[in-house]
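Notes for the structure review
Listed below, chain by chain, are the residues.
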Amino acid sequence: MSIFSRYFFPSMVLCLYLFLYIPIIVLVLFSFNDNEFTYQWSSFSLRWYRELFASTEIWDALKNSLIVATSSVFLSITMGVLLVFYSGNSFFKKSFLLFYGNLAVPEIVLAVGMLSFFAFFSIPLGLTTLIAGHTLIGLGYVVPIVHSRFIELDDRYTEASLDLGATQGQTLMKVVLPLLSPALFAAGLLVFIISLDDFVISFFCAGSSAQTLPIYIFSMIRAGASPVVSALSTVLLGMSSILVLIFSSLQIKKMDILR
Amino acid sequence: MKQTDFKGAITKEVSFFMITPALLWQVLFFYIPLTMIVGASFMYQSGISWQHYSSLLELPYFKIITRSLLFALINAFVCLIFAYPAAYFLARNVKKWKNILLFSLMLPFWTNILVQIYAWFFVLERNGLCNTLLMKLGLISEPLHLMNSSLTILIVMAYCYLPFMILPLYSNLEKLDSRLIESSYDLGANSWQTFFNVTLPLSWSGIKTGFFLVFVPSFGEFVIPALMGGSKYMFAGSLISHYFLTVHDTSQGAAFTCLSGVVLLTIAIVLNWYFSKKAYASRGQ
């Protein structure tokens, strides 16, 4: 390795991390700032966190976000697993291919399409329509992930189970699901995070009744940033780092199981 | 024998019922809405016509689509140029701290996009970090106006999409067989020759994945321009949301959505063809 590459690569990585983390660090620091004017430092305080935990609007938004995320994880995992398992040797063997478009189409096109669909059938916008949208995105992740893991499974397990007299349902519950559980957990976590973070679908399909956390943050930033948003962002950052930790430890375990 | 046939019939029926929910969901909320968008774009005063499309054949719309395309392409290139060396180094040279470095790469990727955008306000605002530093250093005497510019939009877009480029490149470069690189050095190639003749050709598939993961969503991006650019710059995503949410002109909006979708698809096919050709050529050598 030449001198150039010896210094070039590490400095590139350093710059990248600085680029990624300087804004986040400044944001976290300023959430402890005791000043109405968001961008001027005065002194350390926790008042925005107190205000954050006292705000009912934020708690409602969080509650909505959690309801939507949990339901879409549950629905997309259940439907995705059933599809992958039962389409295995039927006429619909290739039906998993139908789900590959969900991630390839720009999200805004999907959102606009769903909005016109709900408007056409005069379905009122709210939590239900949000769950419908997020579950669709979730299926786009769950079906390919679960399908690729299911293909990798040794066919002899399912064959042995069926030969020994188990029904298909028993085989699914007692053989396939335990073998797939790491992949299912990872996919579920992914869908959960994506649903919590999703802005575009929520913005179009939520209507005025159901406000999720990202929509709340969006309207707050638009109205002129308040330090409460910084406090909320810091809390959200903490939450995502915990989830990433779970996710990465899970991947290590998943590899151990495969070996 | 008869019993097995019977059982087989039952499981086929059961199978059909079990896969129906997912298929139904997909058809109801994906295929029907997309078809409705295409259909609505041809609806004009309760008849079928090209009216909505012909009214889009004007310079402003052309400009908006070109601007979105340009920003998406530049964004993908910028991400590629910054992500590649970093991904290469992380995948091949780092042994210590690897998990922590990867964890901190993934963290922004899992963070809410609005939090990421909001964080940039602290850097770029009038009294933000950038202006404060420059003033302290004496490089400028008055705060610069950094918000609401196309450069700002590009920086924040690159910030939000960078992880989408790094992760596929990283997993591609990590799998690269180091014996190929060693033998290239052994055969007398210098590091530039090795890079352009061995490493780069073998990483085309990772580059392709990353490029599409950045390019396609940033074409439809409307949150970043809406928050960072004010209303100064119109993008394809902003115009779509304007049609559907502000003026409620569904069929005109649908026509614009279809038009930009077709443009995006065409560019994506051309790019895909180019990347596949590159990848194929590198395998042929």
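Note that this is a predicted model, so its numbers are computed, not measured.

Comments concerning the overall build of chain B
Broken down by element type, chain B carries 13 helices and two strands. Over its C-alpha trace chain B gives a radius of gyration of 25 Å, far above what one expects of a compact globule, namely 19 Å for 285 residues. When contacts within chain B are restricted to residue pairs at least 6 apart in sequence, those whose partners lie at least 24 apart make up 73%. As presented, chain B carries roughly 14,800 Å² of accessible surface, and 68% of it is formed by carbon and sulfur atoms. Side chains of chain B give 18 positive and 11 negative charges; the mean places of these two sets differ by 5 Å.

Regarding the packing of aromatic side chains
Within this structure, the stated rule accounts for 44 aromatic pairs over all chains. Measuring from centroid to centroid gives 5.7 Å for Phe117 of chain A and Phe118 of chain A, while their planes differ by 70°, and the two rings are edge-to-face. With a centroid separation of 5.3 Å and an interplanar angle of 80°, the aromatic rings of Trp120 of chain B and Tyr159 of chain B are classed as edge-to-face. With a gap of 39 residues between them, Trp120 of chain B in helix 5 (residues 113-124) and Tyr159 of chain B in helix 7 (residues 150-175) connect regions that are remote in the sequence. With respect to class, Trp120 of chain B is no different from Tyr159 of chain B; both count as buried. The rings of Phe77, Trp204, Phe211, Phe212, Phe215, Tyr274 and Phe275 of chain B are connected pair by pair, giving a single aromatic cluster.

Quick look at the interface of chain B and chain A
Taken together, the contacts link 69 residues of chain B with 79 residues of chain A. At the boundary of chain B and chain A, one finds zero salt bridges. Run the count over chain B and chain A and you get eight residue pairs in polar contact (both at pLDDT 80 or more). Grouping the amino acids of the side of chain B that touches chain A by side-chain chemistry returns 55 nonpolar, 13 polar and one charged.

Focus: unusual backbone geometry
Its identity as a non-glycine residue notwithstanding, Ser122 of chain A has a phi of 35°, on the positive side. Within the secondary structure, Ser122 of chain A is located in the loop between helix 5 (107-120) and helix 6 (127-152). Positioned with a positive phi, His248 of chain B is a non-glycine residue whose angle comes to about 50°. Along the polypeptide, His248 of chain B turns up in the loop between helix 12 (236-246) and helix 13 (250-284). Among the residues examined, His248 of chain B registers a relative accessible area of 56% and is labelled exposed.

Points about the confidence of the model for chain B
All names here are of chain B. Looking at chain B, pLDDT values average 85 and 94% of them are 70 or higher. Averaged pLDDT values for the elements of chain B fall to 78 in strand 2 (residues 47-48) and rise to 91 in helix 3 (residues 59-92). A low-confidence stretch, residues 1-5 stays under pLDDT 50, and its non-local contacts, those more than four residues away or across chains, total zero contacts. On the interface metric, ipTM, the complex scores 0.85, and its pTM is 0.86.

Considering the pattern of salt bridges
In this structure the tally under the stated criterion is four salt bridges over all chains. Here Glu152 of chain A makes a salt bridge to Arg149 of chain A, at a shortest N to O gap of 3.0 Å. With Glu152 of chain A and Arg149 of chain A both in helix 6 and three residues apart, the pair spans about one turn of that helix. A relative accessible area of 52% places Glu152 of chain A in the exposed class. A salt bridge links Asp177 of chain B to Arg179 of chain B, with the shortest nitrogen-to-oxygen separation between them at 2.9 Å.

Regarding the nonpolar core
If you look at the biggest cluster of nonpolar residues, it comprises 171 residues, and the most contacted ones within it are Phe204 of chain A together with Ile117, Phe215, Val223, Met228 and Phe256 of chain B. Considering each element in turn, this core owes the most residues, 16 residues, to helix 3 of chain B. Aside from chain neighbours lying at most four places away, what touches Val223 of chain B is Phe199, Val200 and Phe218 of chain A together with Leu114 and Ile117 of chain B.

Brief notes about the environment of Ala119 of chain B
Relative to the elements of secondary structure, Ala119 of chain B occurs in helix 5. Judged by its relative accessible area of 0%, Ala119 of chain B is buried. Not counting the four nearest positions on each side in its chain, Ala119 of chain B is found in contact with Pro23, Ile24 and Leu27 of chain A.

Some words on the side chain of Ser104 of chain B
Here Ser104 of chain B lies in helix 4 (residues 98-110). Residue classification places Ser104 of chain B among the buried residues on the basis of a relative accessible area of 14%. Reaching out from Ser104 of chain B, the side chain makes a polar contact with the backbone oxygen of Ile100 of chain B at a distance of 2.7 Å. In this structure Ser104 of chain B touches Tyr17 and Tyr21 of chain A, once residues within four positions along its chain are discounted.

Some words on the environment of Tyr44 of chain B
Residue and element names in this part refer to chain B. Position of Tyr44 relative to the elements: it lies in strand 1 (residues 43-44). Once the C-alpha coordinates of Tyr44 and Ile74 are considered, the two residues, 30 residues apart in sequence, prove to be 37 Å apart. If near-sequence neighbours (up to four positions away) are discounted, Tyr44 is found in contact with Ser49, Gln51 and His52.

Some remarks on the packing of helix 3 of chain B against helix 7 of chain B
Residue and element names in this part refer to chain B. Direction vectors running N to C along helix 3 and helix 7 enclose 40°, while the axes themselves pass 6 Å from each other. Here helix 3 lies oblique to helix 7, going by the angle between them. Helix-helix and strand crossings are classified by hand; for helix 3 and helix 7 the assignment is right-handed. By residue class, the composition of the contact of helix 3 with helix 7 is 23 nonpolar, two polar and two charged.

The rules behind the values
Residues numbered from 1 in each chain as written. Chains lettered and ligands numbered in written order. Predicted model: local features only at pLDDT ≥ 70, side-chain atom pairs only at ≥ 80, totals over all residues. Heavy atoms only, no water. Helix = DSSP H or I, 4+ residues; strand = E, 2+ residues; numbered from the N terminus. Rg over C-alpha atoms; globule rule 2.2 N^0.38 Å. Contact = heavy atoms within 4.5 Å. Areas by Shrake-Rupley, 256 points an atom, 1.4 Å probe, with all protein chains shown as cover. Lys, Arg positive; Asp, Glu negative; His and termini not counted. Charge placed at Lys NZ, Arg CZ, Asp CG, Glu CD. Phe/Tyr/Trp six-rings, centres within 6.5 Å; stacked < 30°, edge-to-face > 60°. Buried < 20%, exposed > 50% of the residue type's maximum accessible area, 1.4 Å probe, protein only. Salt bridge = Lys/Arg side-chain N within 4 Å of Asp/Glu carboxyl O. Polar contact = N/O pair within 3.5 Å; in protein donor to acceptor, adjacent residues only side chain to side chain. Nonpolar A, V, L, I, M, F, W, Y, C, P; charged D, E, K, R; others polar. pLDDT = per-residue confidence, 0-100. Core = buried A, V, L, I, M, F, W, Y, C linked by side-chain atoms within 4.5 Å. Axes fitted to C-alpha atoms, helices over the stretch in contact; angles between N-to-C directions. Parallel < 35°, antiparallel > 145°, perpendicular 65-115°, else oblique. Left-handed = near helix turned anticlockwise from the far one by under 90°.

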